[in-house]
Structures are given as structure tokens and as C-alpha cells.
Amino acid sequence: MQSNVKNIFDSFNDYLVKEQELRTEIRDIVRDIDQAAKEAAIALQVIHSSIADVPAACAKARTFFDTCREGYGKLAALVPAGQYYRYHDHWHYMTQRIVFLIALTIYLEKGFLVNRETAAEILGLTITQQDGFHLDIEDYLVGILQLASELSRYAVNSVILGDYEKPLTISKFVADLNSGFRLLNLKNDSLRKRFDALKYDVKKIEEIVYDISIRGLRCGAGDAAAQPAATEPAVAEEKQT
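Parameters and conventions
- Residues numbered from 1 in each chain as written.
- Predicted model: local features only at pLDDT ≥ 70, side-chain atom pairs only at ≥ 80, totals over all residues.
- Heavy atoms only, no water.
- Helix = DSSP H or I, 4+ residues; strand = E, 2+ residues; numbered from the N terminus.
- Buried < 20%, exposed > 50% of the residue type's maximum accessible area, 1.4 Å probe, protein only.
- Contact = heavy atoms within 4.5 Å.
- Areas by Shrake-Rupley, 256 points an atom, 1.4 Å probe, with all protein chains shown as cover.
- Axes fitted to C-alpha atoms, helices over the stretch in contact; angles between N-to-C directions.
- Left-handed = near helix turned anticlockwise from the far one by under 90°.
- Nonpolar A, V, L, I, M, F, W, Y, C, P; charged D, E, K, R; others polar.
- 1 Å grid on protein atoms, 1.4 Å probe; cavity = no way out; pocket = protein on both sides within 12 Å on 5 of 7 lines; lining within 4 Å.
- Points joined across faces, edges and corners; volume = space filled by probe spheres on them.
- Parallel < 35°, antiparallel > 145°, perpendicular 65-115°, else oblique.

**Student:** Can you walk me through the overall build of the protein chain in this structure?
**Tutor:** Summing up its helical and strand segments, the protein chain has 8 helices and 0 strands in all. When the elements of the protein chain are put in sequence order from the N terminus, they spell out α-α-α-α-α-α-α-α. Taken across its 241 residues, the protein chain has 43% of its residues classed as buried. For the protein chain, contacts bridging at least 24 residues in sequence account for 76% of all contacts bridging at least 6. Surface summary for the protein chain: the accessible area is close to 13100 Å², and the carbon and sulfur share equals 53%.

If you want it as C-alpha cells, here you go:
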């Protein structure tokens, strides 16, 4: 009887040891991906201090996205099939930040919103759980909400750098983004709270546009500058990178 109990608990111990080893490997890979994401974030910070260096910053950030892609490939090979959400807590915050960085880069390059499919493709991921290691939709949405906060800061610094048209463009984009999120039935607590902060980003950017307009600092200052919406939406999906 004692031998039988020992065998049972020995098997449990083997399982726990293997589980810990797997999680350690996952953490090591996640740490490398996160470091690349930090490097991309550092590269993109130049947008707040130099207009001329924005294209070079975006190009540099994309090289770090390639490193992230390699890391996600390692995770996909390591995580057992069907167990994505069992280990999701190791990388979901990091993934949200990387999606934000990708969205920021593409906005700076092309002026529109990266869709989930393209963000996943950049990271070597799929968009459906059935296809394996994928980009969770909530991770994508939180990343996009982080983009709005960064753009509100970008709008302020654009004015400081003498670009008085950029805040108007950002205002229209973020307003369209806000309209898009309002179409969603958000029940996830963390996502809902993050979305609630979006209205403050919209208000902050609109105030910047208003101040620029009443001071006559932008072309066509007599136009209705506080109108965030326009005939054609600023938020569009990227078809290709």
C-alpha cells in the first residue's frame, strides 16, 4: 500500500518538475522578446523630440519586431498544442505592448490603424486559436487603446516641435478609433476600464486642436477645428506592411 502511494506521488512530482521546467523555458524566451520590445520602444521615443528622425525610428523599430517574431516562433514550438491559455499569463501583457508599438509604427509610417491580421503576421502569429499560437483579440484591443494614449502625448509634442497640423490629424484618427470601440459590447473588466480612459485621450487632443485654432497657428484656422469626425474615416485597416 505504501509503495502504491509512493508511485502515485512520484508521478505527481515528475509532472510538477516538467511543468516548472517548461515555465522556466517560457520565461527565458519571454524575457528576450520583452527586451526587443523595450528596444523598439526606446527607438520610437525620438518621435517626441524630432520630426525629421521619425522615418528612421520606425525602420529601427521594425528590426526589433523581427526579433520578437523569432521569439514567438520559439514559444509556439515550446507550448503544447491546445494549452495556449494555460501559459498565456506569461506573455499577454508583453504582447499588448508589442501590438501598441506595431500600431504606433504603422500609424507614423502610413497614417492608419493596423488590423489584427497584419499585427499577427508581423509577429508570425495566427488570429484563430484553432490554428495554434495566435494573437488574442483582447491583447490586440488593449494594444490599440495604448496607442491612443501615446498619440495624445505625440499631439502635445508635435505642437512644441512646431507641427500644428499633426494634432488635427491625430484628433480625427483617435475620434474614429473611439467610435469604433463604442460599437463593441465590452464586458471584460480590464478592457472596459482601459476603454473608459480613451475619452480622456480624445478630450485632451481636442483641447490641443482648439487651442491651436483659436491662436491661428494652423492653416485654415477658421475651419471647425474641433470636429473630430470627417467625411472619410481616418481609421483604416492596413492591407499590407
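Back to the write-up after that little detour.
**Student:** Would you mind showing me how to read the packing of helix α2 (residues 54–78) against helix α3 (residues 92–110) here?
**Tutor:** For any two helices packed against each other, the geometry comes down to the angle between their axes and how far apart the axes lie. Between α2 and α3, the shortest axis-to-axis distance is 10 Å and the interhelical angle comes to 145 degrees. In this structure, α2 meets α3 at a crossing whose hand is left-handed. In this structure, α2 contributes Val-54, Cys-58, Ala-61, Arg-62, Phe-65, Cys-68 and Tyr-72 to the contact, and α3 contributes Met-94, Thr-95, Ile-98, Leu-101, Ile-102, Thr-105, Ile-106, Leu-108 and Glu-109. Grouping the amino acids of the contact of α2 with α3 by side-chain chemistry returns 12 nonpolar, 2 polar and 2 charged.

**Student:** Please clarify how the layout of surface pockets should be interpreted in this entry.
**Tutor:** Volume-wise, the second largest pocket comes out at about 190 Å³. Taken together, 11 residues form the lining of the second largest pocket, with His-92, Gln-96, Glu-138, Val-142 and Ser-190 sitting closest to its centre. Those elements giving two or more residues to the lining of the second largest pocket turn out to be α3, α5 (137–160) and α7 (189–196). Considered class by class, the residues forming the lining of the second largest pocket number 3 nonpolar, 5 polar and 3 charged.

**Student:** Which parts of the structure should I look at to understand the packing of α5 against helix α8 (residues 198–214)?
**Tutor:** Where α5 contacts α8, the two axes come as close as 9 Å, and the packing angle between them is 20 degrees. With respect to α8, the element α5 is oriented roughly parallel. Considering only the axes of α5 and α8, their crossing is left-handed. Across from Leu-145, Ala-148, Ser-149, Leu-151, Ser-152, Ala-155, Val-156 and Val-159 in α5, the residues of α8 making contact are Leu-198, Asp-201, Lys-204, Ile-205, Ile-208 and Ile-212. A class-by-class count of the residues in the contact of α5 with α8 yields 10 nonpolar, 2 polar and 2 charged.

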